[in-house]
Amino acid sequence: MLPRHDGGFGPSRRLHVVMLLALLLALTVIATALTRPWSGLEFAGVDEQEKPWRVTAVAVDSPAAQAGIAAGWTLLSIAGEKLEASDLLEDPDALFDRNLIDRFLKRQAQFARHLTEAQTEFMFADGQGGTRTVHLDLVHTPLRELGLLFWVQWLAGLGSLALAGWVLAVRPRDFAARLLFISASGSALGIWSSAIYTTRDIAIDGALFRVLSIMNGLGIVTFAIAFAALLLVYPRPFVTRSAAAAMLLLPILASIAEAGGWVDDVRWTRVMLVAGGLLIALVLALAQWRVSLRDPLARAAMRWIFLSLLASLVFFAAVAVLPSLHGRSLTIPQGYMMAFSLVFFSGIAVAVARYRLFSIENWAHRLLFYLLGALLLFLLDVALVNVMHMASDLAFGIALLVVGFGYLPLRSRIWRWLTGSMHATSSDRAFAAASGIVLEPIAEEREKRWHRMLEQHFQPLTILPAVDAAPEVFIGAEGLQLVVPASTAGAAVILCGKAGGRALFQTADAELADSLIRFMSSFGEGRSAYVRGATAERMRIARDLHDDVGARLLSAMHQSDETVRSLLKDTLADIRTLSGALAGEIVPLNQFLAETRHEASERLAQCGIGLTWPPLADDNLEQPVDYRQRKALASAIREVVTNIIKHSGADKVCVSIEQGAGLLTVIIADNGRLAANGGVGKPHNGLRNIDQRIRDIGGTAHFNWSPTGLTVTLSVPFEAAPTPEPEPRSK
Amino acid sequence: MTNATCLIVEDNHQTAVFLAGIVGRAFPELAVRHAASFAEAKGMIALCRNARQAQIELALVDLSLPDGSGLDVIGQLTGASPQSTIIVTTTFADDDSIFQSLTRGARGYILKSEPPAMIEQLLIRIRQGEPSLSPAVAIRVLNYFSRHSRLTEDPVEQLSARETETLKLIAKGLTAAEVATELGLKPQTVTSYIKVIYQKLNINSRAEAAREAIRMGLI
């Protein structure tokens, strides 16, 4: 984007100034129109070859009405000067030839002079063979009698100028905006000047007419040439600015040539230049479209420009061509067609102002579909009437049917082509992925999946981390970027270049990203509320188990004999582990080993058995031990110790712990003299229990009897797994 | 003439009877009184203080009471009769609550699931100032001191190097006797370290409570 130098003028202030100037000019146009002499007569016009000067209507309270002139009369002469059909021409352009135009303008000047005199003599044929002479005092045209045709042109000029003025106010230093403004000014000049003379009553002042006619030529040629110049530099500059600006000399030179009387046929200075300019503009537009393939911003601007061209075409077809095709003569005055400039400039203005280019998808595309539909209807209608020689009404009906049914399926293809989303992934898939992302417990993994999903859906060129991003999704750099704020899925990011840089981020994209973030947030909240509830419930069960069941077991224990007591004691230890696990207690390996060691050491010490169990070094023992492993290992070691105390007759026990290769191994060796005997027969019940417990958690238990004692080797799988984030826990 | 008393705070009747039996055997000179709730215990503590006739020498306090926490009973007792030996009785080695009761002034703890002979022995040793310490509680004590030693310069509130070493070995699962062997000390020396650790924990937590009160403007 270009840096903006406001020079103390903000865009809104500039806009006000531009609008005020446009309005002043428009008021001048009205003032000029009000100076024209007015009789109140309406004539059949040049299209009626027999009697073009036949009075078709007389305005109420007009000088003509007061003089008793009636419809049906035909005006023959004014102040003795005979009238000709050509005097009724809306625009002298139509005469082409310089000499004819000069003659026309001279006659206009002559009539205008007579009309401003008092008691001008009008001679009519009354339609019944007689002639009537009426003396009229003409007045200035009253405001209410300017007529619809005038106002349509007046508004079209003002509207074009206002649109271009808005663009200029927004981008005052932009060369393209200036060219657009010049083009629109030309259009306004052309429309306004013709508004004054095409809606004249009988004649206007010759000098004024001459000036207006030249202004009209200058205006329409400027419009076409400036538009071609615009496409020469925008969106991509094909030539230098000065080269484009030099083109603007053309309309000026043409007008000077006309004014100087060096042009014999105005077709050279008007029709040729306008048609040529527009043809060049069309070629340039196609070239711009080609080169903007990898530039989504330029592409979007070009879509608007094509949309405008198409809309103007449809408008032109609807207003000018269709009626004549259906057997109605082209009675629509050229003034009405000027309204197309409004349609034309609205699209171009958006393209050049680059105003929210990214939101084109939302409504401009819909407009485009209607226009395409209308164009198809028109072309089909033309084809049916001209090629098939079908009756016009039937042709129109058939065209309507065909377009109605045939166009709709075509629409979705055009839609895809326009939005540039070749690989549109459905948002359903995005939402499915989002729910998976929320359920991912590890933050880094979650962020990775979130980025992968964004990549799949939007196919951006890059994803960059966003610094100081706003808390909302927004489209940045005119659609080149999509800024996605921080969420449950990860930090804020900027997606750059949609669909590999071929498309712009649309409002719909921002909405989707926003919905995804909201969805993940509420889904995540719902889930953590569920987890909180479940955790609270688990905690309650743990407490009940711990307090109630524990107390009951305890009191049972205090009333029972020794064998039951030791069984109950083990059960209590299990309940302790169980309730701890339910409450989400995390026990690191070193704590588990210390507690197990402590228990074994105390029990063995009571029986006078020596224990050698070198404590492990501090490091690398912080990873948590799974509840099932804890329970199995603790019970197994407890059982081994019980076995040693009860059956082995050992006086020394050696324990060593090994960790590595995904295994945790506990080796318990005693020097029991009775071990050899125990090994001959079947293993004790207790030992078989140990084997079962360890195998249940996927481990192995080995019992090795030797004359020097029993060695029990317990190996269980133990992985140093990554720590998941702790669940929210209620206290 | 004062009548030395043992107060048993225990809501389970059978357990109370069980504990009373053990106390009777271990300390025949003590009269045993039983409170089944926090309210009852509170009443008895007040009664003993006012009457000045029944000095509470020993208190066995269950931490989970139907109408309150045993921790509050310990608070009441240390206020009313600071000389009494308070022992926490618990079903499980619930490390957090045991640690908390130690900071409030309990001198030791016993597991009610242990065999009566062992409980008897433990009670005698605690009363003689030879409390035991489980690895999980030792870890908490260590963490506590490493966190709070930064707040004070007073050596009374800090652990010595030997005491810290002792705690670290206990935290790894060694018994007091094993710690003595490991450090080349007499078992009695290690036991005295543990006793000092208990005292410092209590002093430290009181000092901390006082500092906190000053900070909050209560004192």
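Shown above is the structure to which this text applies.
Small disclaimer: the values here were computed from a predicted structure and weren't measured.

Visitor: If you had to explain the overall build of chain A to someone new, which residues and values would you point to?
Guide: Secondary structure summary: chain A contains 23 helices and 17 strands in total. Split into buried and exposed, the 731 residues of chain A put 46% on the buried side. Relative to all contacts within chain A whose residues are 6 or more apart in sequence, the contacts with residues 24 or more apart total 70%.

Visitor: If you had to explain the overall build of chain B to someone new, which residues and values would you point to?
Guide: Scanning chain B for helices and strands turns up nine helices and seven strands. Residues classed as buried in chain B amount to 52% of the 219 residues present. The contacts of chain B with a sequence gap of at least 6 include a subset with a gap of at least 24, amounting to 69%. A total of about 9800 Å² of accessible surface is found on chain B, and carbon and sulfur atoms cover 53% of it.

Visitor: How would you explain the interface of chain A and chain B if you had to name every residue and give the values?
Guide: At the interface, 25 residues of chain A touch 25 residues of chain B. Carbon and sulfur atoms supply 57% of the area buried between chain A and chain B, which totals about 2300 Å² over both sides. Broken down residue by residue, the surface that chain A buries against chain B is led by His558, Arg576 and His598 of chain A, which jointly contribute 22%. Counting across the chain A and chain B interface gives two salt bridges.

Visitor: Explain the packing of helix α16 (residues 427–439) of chain A against helix α17 (residues 443–458) of chain A to me, and be specific about the residues and the numbers.
Guide: Residues and elements named next belong to chain A. Look at α16 against α17: their axes get within 9 Å of each other, and the N-to-C directions meet at 175 degrees. On the basis of their axis angle, the class for α16 and α17 is roughly antiparallel. Between α16, through Ser427, Ala430, Ala433, Ala434, Gly436, Ile437 and Val438, and α17, the contact on the second element is made entirely by Arg446, Arg449, Trp450, Met453 and His457.

Visitor: Before we move on, could you go through unusual backbone geometry and cite the residues and values that matter?
Guide: Residue and element names in this part refer to chain A. Along the chain, Tyr234 connects to Pro235 via a cis peptide bond; the corresponding omega equals 0 degrees. Mapped onto the secondary structure, Pro235 falls in the loop between α6 (206–233) and α7 (241–246). Even without glycine at this site, Phe96 takes up a positive phi of about 60 degrees. Position of Phe96 relative to the elements: it lies in the loop between β5 (81–82) and α3 (98–116). With a relative accessible area of 30%, Phe96 lands in the partly exposed category. Of note in this structure, Gln119 is not a glycine but carries a positive phi near 50 degrees. By the element assignment, Gln119 lies in the loop between α3 and β6 (120–125). Residue Gln119 is classed as partly exposed on the basis of its relative accessible area of 45%.

Visitor: Quick rundown of the packing of helix α1 (residues 13–26) of chain B against helix α5 (residues 116–127) of chain B? Include the residues and the values.
Guide: Residue and element names in this part refer to chain B. Running from amino to carboxyl end, α1 crosses α5 at an angle of 55 degrees, the nearest separation of the two axes being 10 Å. By the angle class used here, α1 and α5 are oblique. You can see that α1 and α5 cross each other, and the crossing is right-handed. Along the contact surface, α1 presents Phe18, Ile22, Val23, Arg25 and Ala26, while α5 presents Pro116, Ile119, Glu120, Leu123 and Ile124. Looking at side-chain class alone, the contact of α1 with α5 contains eight nonpolar, no polar and two charged residues.

Visitor: Kindly report on the sheet that holds strand β11 (residues 481–484) of chain A, identifying the contributing residues and their values.
Guide: All names here are of chain A. In space, the four strands of this open sheet follow the order β9-β12-β11-β10, with antiparallel pairing throughout. The sheet is open, and its two edges are formed by β9 (462–465) and β10 (474–476), each paired on a single side. Sheet twist, expressed as the mean angle between neighbouring strand axes with direction ignored, is 25 degrees. Inspection of the sheet shows β10 paired to β11 by three bridges, in the antiparallel sense.

Visitor: Report on the packing of aromatic side chains, specifying residues and quantitative values.
Guide: Residues and elements named next belong to chain A. Throughout the structure, instances matching the rule amount to 18 aromatic pairs over all chains. Consider the rings of Tyr197 and Phe209, whose centres lie 4.8 Å apart with planes at 25 degrees: the pair is stacked. Here Tyr197 is found in helix α5 (residues 175–198), whereas its partner Phe209 is found in helix α6, with 12 residues between them in sequence. Of the two residues, Tyr197 and Phe209, both sit in the buried class. Between Phe223 and Phe344, the aromatic rings sit 5.6 Å apart at their centres with planes inclined by 75 degrees, giving edge-to-face as the arrangement. Placement of Phe223 in helix α6 and of Phe344 in helix α13 (residues 340–353) is noted, with a sequence separation of 121 residues between them. Accessibility expressed as a relative area gives 2% for Phe344, which makes it buried.

Visitor: So what's going on with the sheet that holds strand β3 (residues 56–62) of chain B? Which residues, and what values?
Guide: All names here are of chain B. Read from one edge to the other, the open sheet built from five strands follows the order β2-β1-β3-β6-β7, with strand pairing classed as parallel. Two strands close off the open sheet at either side, each with one partner strand: β2 (31–35) and β7 (108–111). Sheet twist, expressed as the average angle between the axes of neighbouring strands with direction ignored, equals 20 degrees. As judged from the five bridges shared by β3 and strand β6 (residues 85–90), these two strands associate in the parallel manner. Directly across from Ala59, in β6, lies its bridge partner Ile86. In the packing of α5 onto the sheet, contacts are made with β3, β6 and β7, and the angle to β7 comes to roughly 180 degrees.

Visitor: Can you break down the environment of Ile697 of chain A residue by residue, with the values?
Guide: Residues and elements named next belong to chain A. Locating Ile697 in the fold gives a position in the loop between α23 (685–696) and β16 (700–706). Between the C-alpha atom of Ile697 and that of Gln629, which follows or precedes it by 68 residues, the distance is 6.6 Å. Sequence-distant contacts of Ile697, defined by excluding residues within four places in its chain, comprise Arg628, Gln629, Ala632, Val716 and Pro717.

Visitor: Run through the nonpolar core, naming residues and quoting values.
Guide: Generally speaking, nonpolar side chains in soluble globular proteins are found buried as a group. Membership of the largest hydrophobic core comes to 51 residues, with the highest contact counts inside it found for Leu180, Phe227, Leu230, Leu231, Ile305, Ile348 and Val352 of chain A. Contributing elements (two or more residues each) for this core: α4 (148–170), α5, α6, α10 (271–291), α11 (296–325), α13 and α14 (360–386) of chain A. It is α6 of chain A that provides the largest number of residues to this core, a total of 12 residues. Apart from residues no more than four positions distant in its own chain, Leu231 of chain A is found in contact with Phe238, Ala281, Leu284, Ala285, Gln288, Met302 and Ile305 of chain A. Core analysis: the next-biggest nonpolar cluster, separate from the first, contains 45 residues, Ala106, Ile170, Val190 and Ile197 of chain B among them.

Visitor: Hey, could you go over the pattern of salt bridges for me, with residue numbers and the actual values?
Guide: All names here are of chain A. What the rule picks out here adds up to 27 salt bridges over all chains. Between Glu145 and Arg144 there is a salt bridge, with the nearest N and O atoms lying 2.9 Å from each other. Ionic contacts of the salt-bridge type, sharing partners, join the residues Glu84, Asp87, Arg103 and Arg107 into one network.

Visitor: With reference to specific residues and values, describe a nonpolar patch on the surface.
Guide: All names here are of chain A. Side chains of Val17, Leu20, Leu21, Leu23, Leu24 and Leu27 sit close together on the surface and give an oily, nonpolar patch of about 560 Å² of accessible area. On the secondary structure map, Val17 appears in helix α1 (residues 11–34). Exposure remark for Val17: the relative accessible area of 36% places this residue in the partly exposed category.

Visitor: Tell me about the side chain of Asn12 of chain B, residues and numbers included.
Guide: Residue position: Asn12 of chain B is located in the loop between β1 (5–9) and α1. Within the structure, Asn12 of chain B has its side chain in polar contact with the backbone nitrogen of Thr15 of chain B (distance 3.2 Å). Once you skip the residues sitting within four places of it in the chain, Asn12 of chain B turns out to touch Ala551 and Ser555 of chain A.

Visitor: Quick one: what's the story with helix α20 (residues 589–606) of chain A, residue by residue and with numbers?
Guide: Residues and elements named next belong to chain A. Taking 1.5 Å of rise per residue, the 18 residues of α20 would be expected to cover 26 Å, and the 26 Å separating its terminal C-alpha atoms lies within 8% of that figure. Three or more residues of α20 are buried, namely Leu589, Gln591, Phe592, Leu593, Ala594, Thr596, Arg597, His598, Ala600, Ser601 and Leu604. One or two positions beyond α20, positive phi appears at Gly608, with a value near 75 degrees.

Criteria and thresholds
- Residues numbered from 1 in each chain as written.
- Chains lettered and ligands numbered in written order.
- Predicted model: local features only at pLDDT ≥ 70, side-chain atom pairs only at ≥ 80, totals over all residues.
- Heavy atoms only, no water.
- Helix = DSSP H or I, 4+ residues; strand = E, 2+ residues; numbered from the N terminus.
- Buried < 20%, exposed > 50% of the residue type's maximum accessible area, 1.4 Å probe, protein only.
- Contact = heavy atoms within 4.5 Å.
- Areas by Shrake-Rupley, 256 points an atom, 1.4 Å probe, with all protein chains shown as cover.
- Buried area = accessible area lost by both parts, 1.4 Å probe.
- Salt bridge = Lys/Arg side-chain N within 4 Å of Asp/Glu carboxyl O.
- Axes fitted to C-alpha atoms, helices over the stretch in contact; angles between N-to-C directions.
- Parallel < 35°, antiparallel > 145°, perpendicular 65-115°, else oblique.
- Left-handed = near helix turned anticlockwise from the far one by under 90°.
- Nonpolar A, V, L, I, M, F, W, Y, C, P; charged D, E, K, R; others polar.
- Pairing = 2+ DSSP bridges.
- Phe/Tyr/Trp six-rings, centres within 6.5 Å; stacked < 30°, edge-to-face > 60°.
- Core = buried A, V, L, I, M, F, W, Y, C linked by side-chain atoms within 4.5 Å.
- Patch = residues over 30% accessible without salt bridge, like charges linked within 9 Å, V, L, I, M, F, W, Y side chains within 5 Å.
- Polar contact = N/O pair within 3.5 Å; in protein donor to acceptor, adjacent residues only side chain to side chain.
- Expected span 1.5 Å × (residues − 1).

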